[in-house]
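Architecture at a glance
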Amino acid sequence: MTPQPTTLIELYEQQRTDGEALLVEGVDGLSSCTSAGAWARAAQIAHVLEDHGVRPGDRIVLQVDKSTEALLVYLACVRAGAAIVPVNPAYTEAELVHLLGDAEPSLVIADPSLPAANAPATVLTLDTAGGGTLLGLATDAPTTAPPFVATPDSFAAMVYTSGTTGRPKGAIISHRNLTSNALALAAAWGFEPSDRLLHMLPIFHVHGLFVAVNVTIAGGGSLVLAPRFDVGVALEQLPRCTAMMGVPTFYTRLLGDDRFGAETCRNARLIISGSAPLLASTHDEFRERTGHVILERYGMTETSMLTSNPLVGGRKPGTVGPPIDGVSVRVVDPLTGEPVGVGEVGGIEVSGPNVFAGYWKRPDQTRTEFTVDGYFRTADVGTIDSDGYLTIVGREKDLIISGGLNVYPKEIEEAIDAQPGVLVSAVIGVPDPDFGEAVVAVVVAGPGETVDIVALRDSLRAILAGYKVPKRIHVVDALPQNAMGKVEKERLRVMFS
Ligand code: MCA
Ligand code: AMP
């Protein structure tokens, strides 16, 4: 019997049953490629990376719009032993400064129209049409990869995640982390060569880049790859697919269209939601309209996927299911660190082969986020029921999840406070029918000053990615504070919801 793959290279090579089968079927303007073709093209790109000085363990920052070629860059990094650092194409120059300085990439691959193209590093370009310097250089390169031998601990990716304090930090993600997760999920969700996954997620995050792509590879199936989520494209493509992965906003938007129904899902066997809480009402409406029970799962950048409702058996709305194979999840008392009883609420801690090695260049922060017995503190708050299903009831971290994208209030508050006329601000998340939570800012003007909301929003747009810019800005005389002088965000949430 062939041993289970422990690296992404083994995963790809062992699970590829039919090299001539499509790995990616591009739609809405994206290109297609076979499994063997993708692997060979990735080898060629890996040679270009190597020719530009990239060595195993080096970081490669990627800021491009979603395309099939961008996925091949990910596979090329795997084959060259480099860690991909995916970056949201909406990030502004200001948002990139810290990341580029921190990651110290030996190479940047960027769309020529995006800020990373001006990075103070070696830059190769790649646009959505497959143009740019990168692929031109790859054309005549060998189709067998450079001689990198991966181990389970080899560095596969570094994904930036923010914190409630301080600047975004790079989570170091290994081949073991991604391979073990892909295998566990493919088995849990029954992925097979006949599967066709509708992929409309962005590829600058764990959900779209690793969960969707690696699970498909592990199952030997194919991706129907669209540039972005779009209801019209989903209505056209979903009937041809067996599975879909998305954030709750995808499903509320589909339900908002009368054409969406059981017929659209006629070939689907599995509809998965994650990255943000799925409302019970969305769950119910989806079941009534299509007959499908959405499968909800829970994960994090630092850990990949942790728990999932089952493929077979009871999917419980409002819960994120039991731990997936190989993952251990416990709920502890925040004061004592001791596990709480069934049905009691506490901090969620996790361990397993999927859990990352630590934060790049931040040994102190890494130490404080792990317990002495090696569990990672998620800063999510939850409870486990008598069947072992986890429910997330809140977050210790001051985090807003808008349309599946994380927004850290502190970063937005700092940006607002630096604007003319502003004394202080507080940023909160309020319920939103489309994004789940919407970013709202509450601002106090300095003495004798006024705040021009339109000008403030324009200034924020220039420095922050669009999804972080508050959807609403309210000016108030003072922020409510408790006896300790801390802003009472809960009161603000009630006032401005
Ligand atoms: C775009 N906009 C947003 C968001 N996305 N505003 C708030 N929240 C958002 N998520 C703004 C843009 O700045 C723009 O504003 C306007 O909406 C239109 O932009 P567009 O790009 O056309 O938006 P969209 O196509 O409607 O995108 C919404 C979306 C997208 C489909 C929900 O954000 C999306 O695909 N989200 C998925 C994120 C994801 O994959 N998360 C997984 C993270 P303006 O016009 O004013 O400039 S990984 C994770 O969380 C863990 C590991 C896990 O468990 O999975
Ligand atoms: P990120 O830092 O982008 O990896 O986001 C991870 C966070 O998203 C988790 O710590 C949770 O707070 C949240 N999250 C992910 N999946 C779910 C889910 N199914 N339900 C509720 N929250 C979720």
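A brief look at the structure comes next. (Residues numbered from 1 in each chain as written. Chains lettered and ligands numbered in written order. Predicted model: local features only at pLDDT ≥ 70, side-chain atom pairs only at ≥ 80, totals over all residues. Heavy atoms only, no water.)

1. Structural notes on the sheet that holds strand S1 (residues 22-26)
What the eight strands build is an open sheet, ordered S2-S1-S10-S9-S11-S12-S13-S14; its pairing is mixed. Strand pairing shows two members of the sheet lacking a second neighbour, strand S2 (33-34) and strand S14 (304-308), which therefore form its edges. Where S1 lies against S2, two bridges are found, and the strand directions are antiparallel. For Val24, the partnering residue across the bridge sits in S2 and is Cys33. (Pairing = 2+ DSSP bridges. Helix = DSSP H or I, 4+ residues; strand = E, 2+ residues; numbered from the N terminus.)

2. Comments concerning the packing of helix H6 (residues 175-188) against helix H7 (residues 206-219)
Packed helices, taken two at a time, are described by the angle their axes make and the gap between the axes. Direction vectors running N to C along H6 and H7 enclose 65°, while the axes themselves pass 8 Å from each other. Compared by their axis directions, H6 and H7 come out roughly perpendicular. Crossing geometry of H6 relative to H7 is assigned as right-handed. Between H6 and H7, the contacting residues are Leu178, Ala182, Leu185 and Ala186 on the first element and Phe210, Val211, Asn214, Val215, Ala218 and Gly219 on the second. Partitioning the contact of H6 with H7 into residue classes produces eight nonpolar, two polar and no charged. (Axes fitted to C-alpha atoms, helices over the stretch in contact; angles between N-to-C directions. Parallel < 35°, antiparallel > 145°, perpendicular 65-115°, else oblique. Left-handed = near helix turned anticlockwise from the far one by under 90°. Contact = heavy atoms within 4.5 Å. Nonpolar A, V, L, I, M, F, W, Y, C, P; charged D, E, K, R; others polar.)

3. Remarks on the site of ligand 1
Around ligand 1, a shell composed of 25 residues is seen, among which Arg253, Ser275, Arg297, Ser402 and Lys471 lie nearest. In this structure, an oxygen atom belonging to ligand 1 sits 3.3 Å away from a main-chain N or O atom of Tyr467. Look at ligand 1: alone it shows 1,000 Å² of surface, and the protein chains cover 73% of it. Elements with a minimum of two residues in the shell around ligand 1: H7, helix H9 (248-255) and strand S13 (295-300). In terms of residue class, the shell around ligand 1 is built from eleven nonpolar, ten polar and four charged. (Near = heavy atom within 4 Å. Polar contact = N/O pair within 3.5 Å; in protein donor to acceptor, adjacent residues only side chain to side chain. Areas by Shrake-Rupley, 256 points an atom, 1.4 Å probe, with all protein chains shown as cover.)

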